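Close look at the chain arrangement
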Amino acid sequence: MINNSLKNITHFFKHTHIGVPILLLCVLAMIILPLSPLVLDILFTFNIVLSVLVLLVSVNSKRPLDFAVFPTIELAPYFMMYTNLMTYPLKFRQHVLAIKEKLTYAKTASRFGVGMASLMRWNRRITPLHDAQ
């Protein structure tokens, strides 16, 4: 039963060429939607494993063409690192908003190293830390 459904799924992706658009939508969703700490931990782990795998394959390849896909695989960890670094925990955002009430947007942004647009977006969506407790 599982094997048959797996064959159907692989057949669908092979013959409809829908795999790449779905992958791109998943990538965009990772950038736009906030990710839970568990998902971030899994992505960090996957990033480290993929980096070690690339390193081992590149060291053990005898000819350059044995690992011709290297530039593509090399960029994947950087993308994952970018998506992981651009997410901030809720407590941090609440703390920044609590301090923002005493400072201007520009001073708060430079103090914490975040963009002013992020501060404005957080201000609309998040309750500051002293109000949340």
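In this text, all values refer to a predicted model and were calculated from it rather than measured experimentally. (Residues numbered from 1 in each chain as written. Predicted model: local features only at pLDDT ≥ 70, side-chain atom pairs only at ≥ 80, totals over all residues. Heavy atoms only, no water.)

1. Quick look at the overall build of the protein
On a plain count of helices and strands, the protein comes out with eight helices and zero strands. Secondary structure elements of the protein, listed N to C terminal, follow the sequence α-α-α-α-α-α-α-α. When the 133 residues of the protein are sorted by exposure, 20% land in the buried category. Taking contacts inside the protein between residues at least 6 apart in sequence as the whole, the part at least 24 apart equals 53%. With an accessible surface of roughly 10,200 Å², the protein has 70% of that area assigned to carbon and sulfur atoms. (Helix = DSSP H or I, 4+ residues; strand = E, 2+ residues; numbered from the N terminus. Buried < 20%, exposed > 50% of the residue type's maximum accessible area, 1.4 Å probe, protein only. Contact = heavy atoms within 4.5 Å. Areas by Shrake-Rupley, 256 points an atom, 1.4 Å probe, with all protein chains shown as cover.)

2. Focus: helix α3 (residues 37-60)
Its 24 residues place the ends of α3 35 Å apart at the C-alpha level, agreeing with the 34 Å of an ideal helix rising 1.5 Å per residue. Considered for burial, the residues of α3 that qualify are Leu40, Leu43, Asn47, Leu50 and Val54. (Expected span 1.5 Å × (residues − 1).)

3. Examining the environment of Ile126
Here Ile126 lies in the loop between α7 (116-125) and α8 (129-132). The exposure class assigned to Ile126 is buried, which follows from its relative accessible area of 14%. As for Ile126 and Leu90, which are separated by 36 residues in sequence, their C-alpha atoms are 8.4 Å apart. With residues near it in sequence (within four places) discarded, Ile126 still touches Leu90, Arg93, Gln94 and Leu97.

Note that every value here comes from positions in space, so none of it alone points to a role or purpose.
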